[in-house]
Amino acid sequence: MRSEGYGNWPERSISVSPRWGWGPSASGKMIIAIDGPSGAGKGTVAKAVAASLGFRHVDSGAMYRAVGWKALREGVALEDEDAVARLAERSTIVVTSDLVTIDAADVTRDIRTPAIDRAAASVARLPAVRAVLVRQQRQLGQGGRIVMEGRDIGTVVFPNADVKIYLDAAPEERARRRASDPAHSGGPAAVSDVATLLTERDRIDRTRAASPLYAAPDAVVVDTTGRSIDEVVARVLGIVNSQVSRLNSQD
Ligand code: DC
């Protein structure tokens, strides 16, 4: 794992030269994995990085949320591993930068509630459910040119991703961001309440037996504490740029 310091971040977004044809590999099937805990800025940063590169952006957490939403709706017990896995298997989940649907139902807003935070964390603990969603995530990555964010993208889903970023931030800052996130419905929440819930969810994500959250050994850790979105996006694009140069120089 390589750690980033705070200083020397470029002020402006770095444009990535198209002369490489977007292929560190001859196939040009570039995959960028962005992992990290809640509130580290993954969603905003992954979306901006994908837009800047003309890549597809996939929020894998939205897939766990959609499965949790549907399980609650159908009255499937969240701890019934086989039943939830079967439900995931027969569902069609579509995740774009702006829209999340499950079996054509638009759940973009409905999956961002405290109840679905808990339901998603529950179903994400189940290995059989993860197996179904990881298979779908790998299919999405087949054509490359994708930025996928989550908890296990660089460790399990795409262990050979061309670029792996692990975004992190101080717990207080993550709680502040999450409390003021308009995508999370329920109105403004007390930062201390959000901090308590976030800490508990982090603990579950980091200690669960199936694909726990950790930084891949070859991920670049970027601490977003006190950094603007523009700064972090520029930093990530800088990492992508240098990784592409490095891979090209090995050709
Ligand atoms: O990123 P998020 O908060 O929307 O994720 C929802 C839940 O799904 C959260 O408990 C972490 C889990 N998750 C996971 O286990 N693996 C992923 N690749 C993405 C999310």
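Conventions and cut-offs
- Residues numbered from 1 in each chain as written.
- Predicted model: local features only at pLDDT ≥ 70, side-chain atom pairs only at ≥ 80, totals over all residues.
- Heavy atoms only, no water.
- Buried < 20%, exposed > 50% of the residue type's maximum accessible area, 1.4 Å probe, protein only.
- Helix = DSSP H or I, 4+ residues; strand = E, 2+ residues; numbered from the N terminus.
- Pairing = 2+ DSSP bridges.
- Near = heavy atom within 4 Å.
- Polar contact = N/O pair within 3.5 Å; in protein donor to acceptor, adjacent residues only side chain to side chain.
- Areas by Shrake-Rupley, 256 points an atom, 1.4 Å probe, with all protein chains shown as cover.
- Domains from an automatic or database assignment.

Attention shifts here to the pairing of strand β7 (residues 146–150). The buried fraction of β7 amounts to 5 of the 5 residues, a majority that puts the element mostly inside the structure. Both faces of β7 are covered, namely the face carrying I146, M148 and G150 and the face carrying V147 and E149. Alignment of strand β2 (residues 31–35) against β7, held across 5 bridges, turns out to be parallel. For I31, the partnering residue across the bridge sits in β7 and is I146. Alignment of strand β3 (residues 56–59) against β7, held across 4 bridges, turns out to be parallel. Along β7, the bridge assignment pairs H57 with V147.

Neighbouring the ligand are 16 residues, the closest being R65, R130, R151, D152 and R208. Measuring from an oxygen atom of the ligand, one finds a side-chain N or O atom of R151 at 2.8 Å. A distance of 2.8 Å is found between an oxygen atom of the ligand and a side-chain nitrogen or oxygen belonging to R208. Bound to the protein, the ligand loses 97% of the 450 Å² it would expose on its own. For the shell around the ligand, the elements supplying multiple residues, two or more each, are α2 (60–74), α4 (114–123) and α8 (191–207). Among the elements that make up the shell around the ligand, the one with the highest residue count is α2 (4 residues). Built from parts of two domains, the shell around the ligand gets at least three residues from each of domain 1 (1–9 + 24–55 + 144–251) and domain 2 (61–143).

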